[in-house]
There are 2 protein chains.
Amino acid sequence: MGKTSKSSIAEKKHDVVNRLKLLGTDIYEQLDKGVFPTINIPSRSTENINYDPNIRQYILGERVVSRSARNIRHVKPFTQLAWAALFSNELTTQRKTSTLRDVYYSAQAYEMSFTDQQESNNIITDLETLTGFRREDFNIFPEERSAIFGDLNIEYTVPGYEGKTLNLTSHPDGVLIGPALTSSEFVSTNADKVIAIEKGALFTRFIEENVHNKHKSLLISCGGQAPRQTRAFIRRLHDELNLPVYIFTDGDPWGMHIAQVIISGSANAAHLRELNTPDAIWSGVWATDIVDYKLPTDPLDEVDIKRLYELQRDPRYQNDPLWQREIKMFLKIKRKAEQEAFSRYGLTYIVDEYLPKKLKETK
Amino acid sequence: MGKTSKSSIAEKKHDVVNRLKLLGTDIYEQLDKGVFPTINIPSRSTENINYDPNIRQYILGERVVSRSARNIRHVKPFTQLAWAALFSNELTTQRKTSTLRDVYYSAQAYEMSFTDQQESNNIITDLETLTGFRREDFNIFPEERSAIFGDLNIEYTVPGYEGKTLNLTSHPDGVLIGPALTSSEFVSTNADKVIAIEKGALFTRFIEENVHNKHKSLLISCGGQAPRQTRAFIRRLHDELNLPVYIFTDGDPWGMHIAQVIISGSANAAHLRELNTPDAIWSGVWATDIVDYKLPTDPLDEVDIKRLYELQRDPRYQNDPLWQREIKMFLKIKRKAEQEAFSRYGLTYIVDEYLPKKLKETK
């Protein structure tokens, strides 16, 4: 595909700041009316988290919790939440990024007290739940460790780089997926798919073997379980560029679940949309691939097997013959294999033989 | 500084291949003479590893182990080592990269048997010891997770990118330090120092606050303990560009040791030079900084304290009043602090106040 339409990055920023303002004015209006201000937040308690098979992710139910300044037990979390909104507003308008750890320590600069980081993390999740925006939208980012490579032209929106562009093949080791990349606009691409890879070693192999050209793809190194911002970025690539997403992981329950979380998200993020890509496809390494390709394997250990039984009962794995079949096969063969196991047929076998076959098979 | 002279990347590649050929011809010549071939390798046993305070790193002593094809117990490791040299030669001449994991699986493509990966790892270390080159010189790379940002123009030497250049400020999240970057030639830089940072979050903060311009520096995110290729890359920046190296870590025994390994290397790498930068400086967060800056802290736990006593006896920490003083202070205050703790004085305090002071203090 050619030039893409501008995404909604600027618009979204506007929406985020407006949503925070709305929260502030809502509190002020209640105060003006002479009532103790109250904030209503969708409940994140376990009984209010349900898996929705239609949109293929966890969502929150109808329950709501109220935080009222009238209630002495609520005063602290109420104040903390108001502070978190203030701090997020500062970050967003001053265009500074931070981390959950930073938020915890920054509170001390405002003489706002949190008992520990868990408490401040929870308040940030409250703010996400209340506003429907991700903490990354408030410039609170996780540590970067995933990377991208491929023919995508982006235009930065971060200070000092506004309007500058980069083609993501510029650096053949890959560039980090951080605040600057995730806030960039997509300008154009010749890729017709996204390939997300669990491990950095295979990402490097794919670049070296020219997979981005041969299969017109944007390559993403997840670095294990993909961080939230990378998962949201994969969703953007899918939605804004209309690209199908294929995921390649190790052939074990952990790799399988890395793919699943990209596809269906996690219960922890039931209060958010757009962190997952329901149409993404787990293309391998399947348990059946281990058998078909006679891969060198290691035995599943007890923890692996326990995990497989958990996944078998997990709603995200229900109603899908692929997942169920692969779980059964893992339990049958009681073996697992890494992506690198294909090297037993030579370093390029995975690119020359396995990849094209699987891309076709899972199309 | 301006334009730098070309480094010895091309020359080194030439040397590596020649060294492997020499190993091969040496074996052939012995066979031609009708004797069982023997390979002599410096011993890596503990008693042959000594700390050399002059060059400030571990080195191997005079002991040598012989592997003779005559000895039935030596035949397997002898053959494995010869195969490892063959495979390394293929990687280097065909310009393909791989990993230790790949090496283990690739052996099966040659019907070469290793009991487990530990065995193949050891053989690669034998090859390093025998040749004096790092496995990265044979294109066997660790997983990438560290990144760089700053005004350095590089010229690639990897296939498909020969002669292409990149300025390392092109992507404001940073670019990965992988095979393409570490094999690039340095063209020019305006930086006058290198700042290596333990954590990605602070690396992002430094970029955002323009530290690369304000302090004319190349910024490196170590991603925790810096991978070997990143440590070797820091050494190249120091040696080829004559840049002093400052290291910023968390204020705890683990952060302190991350700095120490960049400076003095590890006993495991006693058979190699150029993985460490003896002139690099640990600039903070010191235990004395925790006191001076009244940072928010966590208590040292038992494992932290045990580690401090180990480090106190470690030869790399001897004869240096700074390390000894800081270990003593940690043991006295029994507290530790993360780099993010400075956020208690506002997000930019670490850049506006702490960093300039420490750069001056440790110059």
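Residues numbered from 1 in each chain as written. Chains lettered and ligands numbered in written order. Predicted model: local features only at pLDDT ≥ 70, side-chain atom pairs only at ≥ 80, totals over all residues.

K.L.:
Let's hear about the overall build of chain A: which residues, and what values?
P.N.:
Regarding its fold elements, chain A presents 13 helices and 15 strands. Taking 21 Å as the expected radius of gyration for a compact globule of 363 residues, we find that chain A reaches 22 Å, a close match to that expectation. Taken along its principal axes, the extent of the C-alpha atoms in chain A is 75 × 50 × 35 Å. Residues classed as buried in chain A amount to 47% of the 363 residues present. Across chain A, contacts joining residues at least 24 apart in sequence account for 73% of those joining residues at least 6 apart. (Helix = DSSP H or I, 4+ residues; strand = E, 2+ residues; numbered from the N terminus. Rg over C-alpha atoms; globule rule 2.2 N^0.38 Å. Buried ≥ 20, exposed ≤ 12 C-beta atoms within 10 Å, placed from the backbone. Contact = placed C-beta atoms within 7 Å.)

K.L.:
Would you mind going over the interface of chain B and chain A in detail, with residue names and values included?
P.N.:
The interface of chain B with chain A comprises 44 residues on the first partner and 44 residues on the second. At the level of elements, α3 (100–109), β8 (175–176), α5 (179–182) and α6 (200–208) of chain B are the ones that each hand at least two residues to the side of chain B that touches chain A. Looking at which element gives the most residues to the side of chain B that touches chain A, the answer is α3 of chain B, with 6 residues.

K.L.:
Describe in detail the pairing of strand β12 (residues 245–248) of chain B, supporting the description with residues and values.
P.N.:
Residues and elements named next belong to chain B. The side-chain alternation of β12 yields two buried faces, one formed by V245 and I247 and the other by Y246 and F248. As defined by bridge partners, strand β10 (residues 193–197) adjoins β12 across 4 bridges and the pair is classed as parallel. Following the sheet pairing, V194 is matched in β12 by V245. In this fold, the crossover linking β12 to strand β13 (residues 281–284) by way of helix α9 (residues 253–264) has right-handed handedness. (Pairing = 2+ DSSP bridges. Right-handed = clockwise from strand over helix to strand, strands pointing away.)

K.L.:
Tell me what's going on with the packing of helix α3 (residues 100–109) of chain A against helix α4 (residues 117–131) of chain A, and back it up with residues and numbers.
P.N.:
All names here are of chain A. Where α3 contacts α4, the axes come no closer than 9 Å and their chain directions differ by 110 degrees. The orientation of α3 relative to α4 falls into the category roughly perpendicular. Residues L100, R101, V103, Y104 and A107 of α3 lie in contact with α4, whose contacting residues are Q117, S120, N121 and I124. Along the lines of polarity and charge, the residues of the contact of α3 with α4 split into 5 nonpolar, 3 polar and 1 charged. (Axes fitted to C-alpha atoms, helices over the stretch in contact; angles between N-to-C directions. Parallel < 35°, antiparallel > 145°, perpendicular 65-115°, else oblique. Nonpolar A, V, L, I, M, F, W, Y, C, P; charged D, E, K, R; others polar.)

K.L.:
Could you give an account of the sheet that holds strand β6 (residues 152–155) of chain B, with specific residues and numbers?
P.N.:
Remark on secondary structure: sheet strands pair via backbone hydrogen bonds, oriented parallel or antiparallel. Residue and element names in this part refer to chain B. Strand order in the open sheet formed by 3 strands is β7-β6-β9, with antiparallel pairing between adjacent strands. Unpaired on one side and paired on the other, β7 (165–167) and β9 (185–189) mark the two borders of the sheet. On average, adjacent strands in this sheet sit at an angle of 20 degrees to one another, irrespective of strand direction. Bridge analysis of β6 against β9 gives 4 bridges, and the strand direction is antiparallel. Directly across from I154, in β9, lies its bridge partner F186.

K.L.:
I'd like a rundown of the relation of the copies chain B and chain A, residues and numbers included.
P.N.:
Its rotation angle being 180 degrees, the transformation that places chain B on chain A also includes 0.0 Å of axial translation and leaves an RMSD of 0.0 Å. One copy is carried onto the other by what is essentially a two-fold rotation axis. In terms of C-alpha distance to the rotation axis, chain B has V175 of chain B as its closest residue, with the C-alpha 2.2 Å off the axis. (Least-squares fit on C-alpha atoms with pLDDT ≥ 70 in both.)

K.L.:
Provide a residue-level description of the domain arrangement of chain A, including the pertinent values.
P.N.:
Residues and elements named next belong to chain A. Considered domain by domain, chain A is made up of domain 1 (9–138) and domain 2 (147–361). Relative to domain 2, the C-alpha centre of domain 1 lies at a distance of 31 Å. Domain 1 puts 18 residues into the contact, and the matching count from domain 2 is 21 residues. At the level of elements, β2 (49–52), β3 (57–60) and α4 are the ones that each hand at least two residues to the side of domain 1 that touches domain 2. With 4 residues, the top contributor of residues to the side of domain 1 that touches domain 2 is β3. The residue inventory of the side of domain 1 that touches domain 2, partitioned by class, reads 9 nonpolar, 3 polar and 6 charged. (Domains from an automatic or database assignment.)

K.L.:
Would you mind going over unusual backbone geometry in detail, with residue names and values included?
P.N.:
Residue V285 of chain A is bonded to the preceding G284 of chain A through a cis peptide linkage, with omega at 0 degrees. The residue V285 of chain A is located in the loop between β13 (281–284) and α10 (287–292) in this model. Phi at N319 of chain A is positive, roughly 60 degrees, even though this residue is not glycine. In this structure, K216 of chain B takes a positive phi of about 40 degrees despite not being glycine. With respect to the helices and strands, the residue K216 of chain B is situated in the loop between α7 (211–214) and β11 (217–221).

K.L.:
Can you explain the environment of S283 of chain B? Please cite residues and give values.
P.N.:
All names here are of chain B. As for its placement among the helices and strands, S283 is situated in strand β13. Judged by the 24 C-beta atoms lying within 10 Å of it, S283 falls in the buried class. Along the chain, S283 and F133 lie 150 residues apart, while their C-alpha atoms are 30 Å from each other. Those residues within four positions of S283 in sequence are excluded, and the remaining contacts are Y246, I247, F248, K358, L359 and T362.

K.L.:
Give a detailed account of the sheet that holds strand β6 (residues 152–155) of chain A, specifying residues and quantitative values.
P.N.:
All names here are of chain A. Read from one edge to the other, the open sheet built from 3 strands follows the order β7-β6-β9, with strand pairing classed as antiparallel. The outermost strands of the open sheet, each flanked by one partner alone, are β7 (165–167) and β9 (185–189). Strand-to-strand twist in this sheet, taken as the mean axis angle between neighbours without regard to direction, amounts to 20 degrees. Bridge analysis of β6 against β7 gives 3 bridges, and the strand direction is antiparallel. Bridging from a neighbouring strand, E155 pairs with T165 of β7.

K.L.:
I'd like a rundown of the environment of E62 of chain B, residues and numbers included.
P.N.:
All names here are of chain B. In this structure, E62 sits in the loop between β3 (57–60) and β4 (64–68). Here E62 falls in the exposed class, since 7 other C-beta atoms lie within 10 Å of it. Taking the C-alpha atoms as reference, E62 lies 41 Å from E162; in sequence the two are 100 residues apart.

K.L.:
With reference to specific residues and values, describe helix α1 (residues 9–32) of chain A.
P.N.:
For the α-helix, the turn length of 3.6 residues means that residues three or four positions removed from each other point alike. All names here are of chain A. For α1, which comprises 24 residues, the first-to-last C-alpha distance of 35 Å matches the rise-based estimate of 34 Å (1.5 Å per residue) to within 8%. Buried residues of α1: V16, L20 and L23, and no others. As for α1, its buried residues are in contact with α2 (75–94) and α4. Positive backbone phi, approximately 80 degrees, marks G34, located one or two places after α1. (Expected span 1.5 Å × (residues − 1).)

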